[in-house]
Amino acid sequence: MAGIDTSIPHSARIWNYWLGGKDNYEVDRIAGDEFLKIFPGMREGARESRAFLGRTITYLTAEAGIRLFLDVGTGLPTADNTHEIAQRLAPESRVVYADNDPLVLAHARALLVGTPEGATDYIDADVREPGAILAAAGKTLDFGRPIALNLSGIMGHVTDDDTALAIVGELMDALPAGSHLALNDGTNVHSQANRDAHDQYNQSGALPYVQRSPEQIARFFDGLELVEPGLVSVSRWRPATVGLPEEVEGYGAVARKP
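Residues numbered from 1 in each chain as written. Predicted model: local features only at pLDDT ≥ 70, side-chain atom pairs only at ≥ 80, totals over all residues. Heavy atoms only, no water.

### Points about the overall build of the protein chain
Link 1 in the chain: Within the protein chain, the secondary structure is distributed over nine helices and eight strands.
Link 2 in the chain: In the protein chain, which comprises 258 residues, the proportion classed as buried is 53%.
Link 3 in the chain: In the protein chain, once contacts between residues fewer than 6 apart in sequence are set aside, the share between residues at least 24 apart is 72%.
Link 4 in the chain: When the accessible surface of the protein chain is summed, it comes to about 11,100 Å², and 51% of that surface belongs to carbon and sulfur atoms. (Helix = DSSP H or I, 4+ residues; strand = E, 2+ residues; numbered from the N terminus. Buried < 20%, exposed > 50% of the residue type's maximum accessible area, 1.4 Å probe, protein only. Contact = heavy atoms within 4.5 Å. Areas by Shrake-Rupley, 256 points an atom, 1.4 Å probe, with all protein chains shown as cover.)

Here it is in structure tokens:
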């Protein structure tokens, strides 16, 4: 497929491999297996991150009443994507995905088909270009109504803290009161093996991914009203199970813009 470099691993394709998908290449499977040799818990972390997405989109649609979604850093389609969850609960929901990986975009256009009542669109844009994302999203989303901004596992690719905070700030500044931010990213607090595995991954030639502490991730929500239970391990954000599950190396939260 044009524009796809299959000589170096790519995080979206590795993630897809860990989740049991087929949209990946040998280089991704090798990198994914090498990662798991050092830190086997990453596969469960990937699954919990995906489950967190499902629970947050369900909350935003069913409880917060959001009908407009901007999902930046989409990743490769799997089961229960943002638009599927939102439009299953509210068929009129409108969802815009933004990503700059050609494989992601090709699969998105082919597979992410929304309901007739709603809308689903795809933007070829980098998270580092929030102005371009907002301008393109405005063709589908009404910026006079509350919008949910979803940033799932993407901000770790913006390795400079100030730049990452500025990007999220610019995106949220453009959204009206009543909008929400759902954000989760990898953390580095529970396992030395996890840190070692990421160090190896970042030396592979792939786009680097920086892990942040929960305190650093909390800064993305400055000025917003956190929804209970606040910023927690993604496995512990409104879990479907009785009792608290084990923590994983990834923290996330949902917050409302006052």
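### Quick notes on the packing of aromatic side chains
Link 1 in the chain: Taken as a whole, this structure holds three aromatic pairs when the rule is applied.
Link 2 in the chain: Both rings, one in Phe 52 and one in Trp 237, keep their centres 5.8 Å apart while their planes meet at 80 degrees; by these two values the pair is edge-to-face. Residue Phe 52 is found in helix α3 (residues 42-62), and its partner Trp 237 is found in the loop between β7 (232-233) and β8 (251-256); the two are separated by 185 residues along the sequence. Per residue, the accessibility class of Phe 52 equals that of Trp 237, and both read buried. (Phe/Tyr/Trp six-rings, centres within 6.5 Å; stacked < 30°, edge-to-face > 60°.)

### A short note on the packing of helix α1 (residues 11-18) against α3
Link 1 in the chain: Running from N to C, α1 and α3 point in directions that differ by 95 degrees, and their axes come no closer than 9 Å. Between α1 and α3, the crossing angle belongs to the class labelled roughly perpendicular. The residues of α3 that touch α1, namely those facing Trp 15, Tyr 17 and Trp 18, are Met 42, Arg 43, Ala 46 and Ser 49.
Link 2 in the chain: Partitioned by chemical class, the residues of the contact of α1 with α3 number five nonpolar, one polar and one charged. (Axes fitted to C-alpha atoms, helices over the stretch in contact; angles between N-to-C directions. Parallel < 35°, antiparallel > 145°, perpendicular 65-115°, else oblique. Nonpolar A, V, L, I, M, F, W, Y, C, P; charged D, E, K, R; others polar.)

### Some thoughts on helix α7 (residues 161-173)
Residues separated by three or four positions in an α-helix point in the same direction, a consequence of the helix having 3.6 residues per turn.
Link 1 in the chain: With 13 residues, α7 should reach 18 Å at 1.5 Å per residue; the first-to-last C-alpha distance of 18 Å fits that figure.
Link 2 in the chain: Next to the buried residues of α7 lie α6 (130-137), β4 (148-152) and β5 (180-185).
Link 3 in the chain: Sitting at the amino-terminal end of α7 is Asp 160, which places a side-chain oxygen 3.3 Å from the backbone nitrogen of Asp 162. (Expected span 1.5 Å × (residues − 1). Polar contact = N/O pair within 3.5 Å; in protein donor to acceptor, adjacent residues only side chain to side chain.)

### Regarding helix α4 (residues 82-89)
Link 1 in the chain: Buried within α4 are the following residues: Thr 82, His 83, Ile 85, Ala 86 and Gln 87.
Link 2 in the chain: Those residues of α4 hidden inside the fold are in contact with α3, β1 (68-72), β2 (94-99), β3 (119-124) and β4.

### A short note on the environment of Lys 37
Link 1 in the chain: Mapped onto the secondary structure, Lys 37 falls in helix α2 (residues 26-38).
Link 2 in the chain: In terms of polar contacts, Lys 37 uses its side chain to reach the side chain of Glu 34, at 3.0 Å.

### Considering the pattern of salt bridges
Link 1 in the chain: With the rule as written, the count across this model stands at six salt bridges.
Link 2 in the chain: Between Asp 126 and Arg 128 there is a salt bridge whose closest N-O contact spans 3.2 Å.
Link 3 in the chain: According to the relative accessible area criterion, Arg 128 is partly exposed, its value standing at 39%.
Link 4 in the chain: Of the charged contacts in the structure, one is a salt bridge between Arg 212 and Asp 161, with a shortest N-O distance of 2.8 Å. Here Asp 161 lies in helix α7 and Arg 212 lies in the loop between α8 (192-202) and α9 (214-218), a separation of 51 residues in the sequence.
Link 5 in the chain: We classify Arg 212 as buried; its relative accessible area is 3%. (Salt bridge = Lys/Arg side-chain N within 4 Å of Asp/Glu carboxyl O.)

### Let's talk about empty space enclosed by the protein
Sizing a probe to match a water molecule and rolling it over the atoms shows the empty space that remains.
Link 1 in the chain: The full count for this structure, using the stated rule, is one cavity of 30 Å³ or more.
Link 2 in the chain: Computed from the structure, the largest cavity encloses a volume of approximately 40 Å³.
Link 3 in the chain: Residue classes in the lining of the largest cavity are distributed as two nonpolar, one polar and three charged. (1 Å grid on protein atoms, 1.4 Å probe; cavity = no way out; pocket = protein on both sides within 12 Å on 5 of 7 lines; lining within 4 Å. Points joined across faces, edges and corners; volume = space filled by probe spheres on them.)

### As for the side chain of Ser 235
Link 1 in the chain: Looking at where Ser 235 falls in the secondary structure, it is placed in the loop between β7 and β8.
Link 2 in the chain: A polar contact is formed between the side chain of Ser 235 and the backbone oxygen of Glu 246, at a distance of 2.7 Å.
Link 3 in the chain: Setting aside residues no more than four positions away along its own chain, Ser 235 makes contact with Glu 48, Arg 55, Pro 245, Glu 246, Glu 247 and Val 248.

### Some thoughts on the environment of Ile 167
Link 1 in the chain: With respect to the helices and strands, Ile 167 occurs in helix α7.
Link 2 in the chain: Among the residues examined, Ile 167 registers a relative accessible area of 5% and is labelled buried.
Link 3 in the chain: With 40 residues separating them in the primary sequence, Ile 167 and Val 127 have C-alpha atoms 7.6 Å apart.
Link 4 in the chain: Among residues more than four places away in sequence, those in contact with Ile 167 are Val 127, Arg 128, Pro 130, Met 155 and Val 158.

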